[in-house]
Amino acid sequence: MQREHWGSRIGFILAAAGSAVGLGNIWKFPYLVGAQGGGAFLVVYIGFLIAIGLCVMIAEIALGRQAQANPFSAFRRVGGTGWSVFGLMAVLTAFLILSFYSVVGGWTIAYVVKTITGGFSGYSGAEFEGHFGALVTDAVEPIIYHAAFMAIGVVIVINGISGGIEKASKIMMPLLFVLLALLVIRSLTLDGAMAGVEYFLVPDWSHLNADMVAAALGQAFFTLSLGMGALITYGSYLGNKESIPNAALWVVGLDLLVAVLAGFLILPAVFAFNMDPAAGPGLTFITLPAIFAELPFGMFIQLCFFVLLFVAAITSAISLLQVVVAFICEEFNVGRKAATIWVGIVIFLFGVPSSLALGVWGDITFFELNIFDFLGYLTDNYFLPLGAIATCLVAGWVSYDKFAAEVTNNGERPFAYLTAWKWMCRVVAPLAIIWVMVHSIFGA
């Protein structure tokens, strides 16, 4: 059976950017900036995004295109049989992340629905906090929204690469940028907003420490969807004439643009209303709705924001779903339709305990973490970095000649930084990722 391909270069870039642009950009990045000192974090983050993130992204896309296969077969074909365990780990990582990521994605649908139906009308800040707590701890409602989120992902992926994922990305990514731009303009016109802009852009180097550096590198790594097989899978559908470094640079640039715009949206609004920029995850679902409620046409602004959040979440979710679907289709000779439906159902069911862990199953713990937090800890601190390190080692040492051929299109597109990229893969990126692993796990 002939392998599917992206219909266009822009289709691949938008789909890969959609995979990279997710809740990590709009939900996590602004509160990390708030908690880690603002401008100094931004500078360090951008440095790591370009130096480490771009390097690993090029390697992952090249691995996929060289192998023309899902991550499991890609590692086996390019690196050798022993390396296939890392491909299998990438598939498992995508499965696990999507199981709890879909739960959070369901929250965005819940907020869209409740905003449209007037469920937040007249709410104060304290009531938003109470509502969020009631939503995530409920035994039924978040599971319904989790199912809806997974169903939307299944409908998109079931239609294939060009007919499903690419077509959806060409609609949703421009929509994301339009919504984000409109919200940023409104945020920047608030009284007192410039204090937030200053906090975001002016570095205060007194905040520079090991924790901040680890957080910046970890965020740069996670936000690009590295180590979870998504870019290996997407790269496997990329045509041979496309320049991988050029495409990767576009993806990293779009991802950074969304993160920076999210900072310009959230931090000025937080400062304008004298809120805490280090409020953590609650910044998105508690603090911001409380701010929107104080603005003229606040419910409309809130609706735009949570539609934006949903779009960011679903574009990442479909890339994770495609990783597992591609594995099932190629390794077990199952049709796309059947594979997508069954994978979607299994991931949904596996995600149910993560939802219940925030409520009635909160007492069930692994290493003192509930199920939701444990899966996040396991994937963030072990699976993702190990997958990325394996990709770097295969690219830099095991099969460098094959990767160099892919990156340069067999010499037809010279890559000026090929030698630097090689040594980034061989030494710098693995050591940096190992340091973040050790710091995250042991706090040293």
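Residues numbered from 1 in each chain as written. Predicted model: local features only at pLDDT ≥ 70, side-chain atom pairs only at ≥ 80, totals over all residues. Heavy atoms only, no water.

Caption draft 1: Structural view of the pattern of salt bridges. For the structure on display, the rule yields 6 salt bridges. Among the salt bridges present, the one from R65 reaches E406, with a minimum N-O distance of 2.7 Å. Pair noted here: R65 is in helix α3 (residues 39-67) and E406 is in helix α17 (residues 400-407), with a separation of 341 residues, a long-range link. The same class applies to R65 as to E406, namely buried. The partner of E141 in a salt bridge is K114, and the shortest N-O contact between them spans 2.8 Å. Of this pair, E141 sits in helix α7 (residues 141-157) while K114 sits in helix α5 (residues 84-116), placing them 27 residues apart in sequence. (Salt bridge = Lys/Arg side-chain N within 4 Å of Asp/Glu carboxyl O. Helix = DSSP H or I, 4+ residues; strand = E, 2+ residues; numbered from the N terminus. Buried < 20%, exposed > 50% of the residue type's maximum accessible area, 1.4 Å probe, protein only.)

Caption draft 2: Quick look at the packing of aromatic side chains. Scanning the entire structure with this criterion turns up 35 aromatic pairs. Between the aromatic rings of F120 and Y123, the centroid separation amounts to 5.6 Å while the plane-to-plane angle is 75 degrees, which identifies the pairing as edge-to-face. Each ring, one from F415 and one from Y417, has its centre 6.3 Å from the other, and the planes form 75 degrees; the classification is edge-to-face. In this structure, R426 packs its charged tip against the face of W423, placed 5.0 Å from the ring centre. (Phe/Tyr/Trp six-rings, centres within 6.5 Å; stacked < 30°, edge-to-face > 60°. Lys NZ or Arg CZ within 6 Å of the ring centre and 35° of its normal.)

Caption draft 3: Structural detail: the nonpolar core. Among the nonpolar cores identified, the biggest contains 178 residues, and F305 and W421 are the most heavily contacted of them. Per-element accounting of this core gives the leading share, 21 residues, to helix α14 (residues 298-332). Sequence-distant contacts of W421, that is, excluding residues within four places in its chain, are made with C55, I58, A59, A395, Y400, F403, V407 and F415. (Core = buried A, V, L, I, M, F, W, Y, C linked by side-chain atoms within 4.5 Å. Contact = heavy atoms within 4.5 Å.)

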